[in-house]
Amino acid sequence: MEHRNIAICDQREENTIMFKQMINVFGNEEDIDINVIAYDNADNLRKDLDGGKQLDILILNAEFPGMWRMDVIDWMRNIGKDVQICFIMGDEDCYLGSFYKAKVWNFYKPFKYREFKCILEEIEYEICRKRSPIEAKKRYMEVESVPCKVVIDLSRVRNIQKRGKKCVFYKVDGEQVCYESIKKIISRLHENTCATFNCN
């Protein structure tokens, strides 16, 4: 079983409770042992990181005094923290996403589990890709969907079926519609050793 240390930094207790619930649901669905650490201000988080605390994922909805969000990314990289960062964004912050050169994620209000789960799945792919690129290439597939591309963990897929010009991935925890033909998907799966399911 994989293990993840995930920190939530949010000044609003109700947001922290909500994110904890969504993260725990995700951990149960994906069979990941998750340790959630909650912070109500960025200063305490920064002290812990400077003190050597290791995190895999940071859900950030608080400002670091005297630092822009890009400064936060650079600071974490400079102190050797390979943390996947998800910024919580309001509508007024939408433009910020295009300016980041580092790999980060933006989660917009209103908060919905489906969108949050997609982000966590992409983050899991990114962690796997950095730690074991060969395994990541075999285990994950990025497919066309709506409103954007999604990353699918092939180890959790049980079946793929054609649906018109599209196809559907049936996973152990639900289904994902893909806007690619099943013929194209099968050709992409050809060299994937994790693919042990049926395609029809």
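Attention here is on the structure that accompanies the text. (Residues numbered from 1 in each chain as written. Predicted model: local features only at pLDDT ≥ 70, side-chain atom pairs only at ≥ 80, totals over all residues. Heavy atoms only, no water.)

## Quick notes on the overall build of the protein
Next, step 1: In terms of helices and strands, the protein carries six helices and eleven strands.
Next, step 2: Within the protein, buried positions represent 46% of all 200 residues.
Next, step 3: At a minimum sequence separation of 6, the contacts of the protein that also span at least 24 residues come to 54%. (Helix = DSSP H or I, 4+ residues; strand = E, 2+ residues; numbered from the N terminus. Buried < 20%, exposed > 50% of the residue type's maximum accessible area, 1.4 Å probe, protein only. Contact = heavy atoms within 4.5 Å.)

## A look at the nonpolar core
Next, step 1: Ranked by size, the top nonpolar core spans 20 residues in total, and within it C9, L45, L55, L58, L60, F64 and M76 carry the most contacts.
Next, step 2: Of all the elements in the fold, those that place two or more residues in this core are strand 1 (2-10), strand 2 (32-39), helix 2 (42-50), strand 3 (57-61), helix 3 (69-78) and strand 4 (84-89).
Next, step 3: When residues in this core are grouped by element, the largest group, four residues, is from helix 3.
Next, step 4: Aside from chain neighbours lying at most four places away, what touches L58 is A7, C9, L45, M76, V83, Q84, I85 and C86.
Next, step 5: Formed by 19 residues, the second largest nonpolar core is a distinct cluster that contains I6, I8, I57 and I88. (Core = buried A, V, L, I, M, F, W, Y, C linked by side-chain atoms within 4.5 Å.)

## Here we look at the pairing of strand 10 (residues 174-178)
Next, step 1: Here strand 9 (residues 166-171) runs beside strand 10; their pairing, made up of five bridges, is antiparallel. Residue pairing across strands places C167 opposite C178, the latter belonging to strand 10.
Next, step 2: In this antiparallel pair of consecutive strands, strand 9 and strand 10, the connection spans two residues. (Pairing = 2+ DSSP bridges.)

## Considerations on the pairing of strand 8 (residues 157-163)
Next, step 1: Here strand 8 runs beside strand 9; their pairing, made up of six bridges, is antiparallel. Looking across to strand 9, one finds that V157 is bridged to K171.
Next, step 2: Remark: two residues form the turn of the hairpin made by strand 8 and strand 9, two consecutive strands paired antiparallel; G164 in that turn has positive phi of roughly 65 degrees.

## Looking at unusual backbone geometry
Next, step 1: Phi is positive for D31, which is not a glycine, with a value near 60 degrees.
Next, step 2: Following the sequence through the fold, D31 ends up in the loop between helix 1 (13-30) and strand 2.

## Quick look at the pattern of salt bridges
Next, step 1: Scanning the model with the defined rule gives 13 salt bridges in all.
Next, step 2: The shortest N-O distance in the salt bridge between R4 and E124 comes to 2.9 Å. Within this pair, whereas R4 is found in strand 1, its partner E124 is found in helix 4 (residues 113-131), the two being separated by 120 residues in sequence. Taken individually, R4 and E124 each receive the classification buried, so the pair is uniform in this respect.
Next, step 3: Of the charged contacts, one joins E180 and K184 as a salt bridge, the two residues approaching to 3.8 Å between their closest N and O atoms.
Next, step 4: Residue classification places E180 among the buried positions, given a relative accessible area of 6%.
Next, step 5: Accessibility expressed as a relative area gives 45% for K184, which makes it partly exposed.
Next, step 6: Ionic contacts of the salt-bridge type, sharing partners, join the residues E2, R4 and E124 into one network. (Salt bridge = Lys/Arg side-chain N within 4 Å of Asp/Glu carboxyl O.)

## Quick notes on the environment of N61
Next, step 1: Within the fold, N61 resides in strand 3.
Next, step 2: Sequence separation between N61 and N15 is 46 residues, and the spatial gap between their C-alpha atoms is 9.1 Å.
Next, step 3: Among the polar contacts made by the side chain of N61, one reaches the side chain of D10 at a distance of 2.7 Å. (Polar contact = N/O pair within 3.5 Å; in protein donor to acceptor, adjacent residues only side chain to side chain.)

## Focus: the packing of aromatic side chains
Next, step 1: Inspection of the entire model under this criterion finds two aromatic pairs.
Next, step 2: Aromatic side chains F19 and F116 sit 5.6 Å apart centroid to centroid with 45 degrees between the ring planes, which places their arrangement in the tilted category. Note that F19 is positioned in helix 1 and F116 in helix 4, a separation of 97 residues in sequence. For the pair formed by F19 and F116, the shared burial category is buried.
Next, step 3: Considering the side-chain rings of Y125 and Y140, the 5.4 Å spacing of their centres and the 65 degrees angle between planes classify their relative orientation as edge-to-face. Residue Y125 is located in helix 4, and its partner Y140 is located in strand 6 (residues 140-143); the two are separated by 15 residues in the primary sequence.
Next, step 4: By relative accessible area, Y125 is classed as partly exposed at 26%. (Phe/Tyr/Trp six-rings, centres within 6.5 Å; stacked < 30°, edge-to-face > 60°.)

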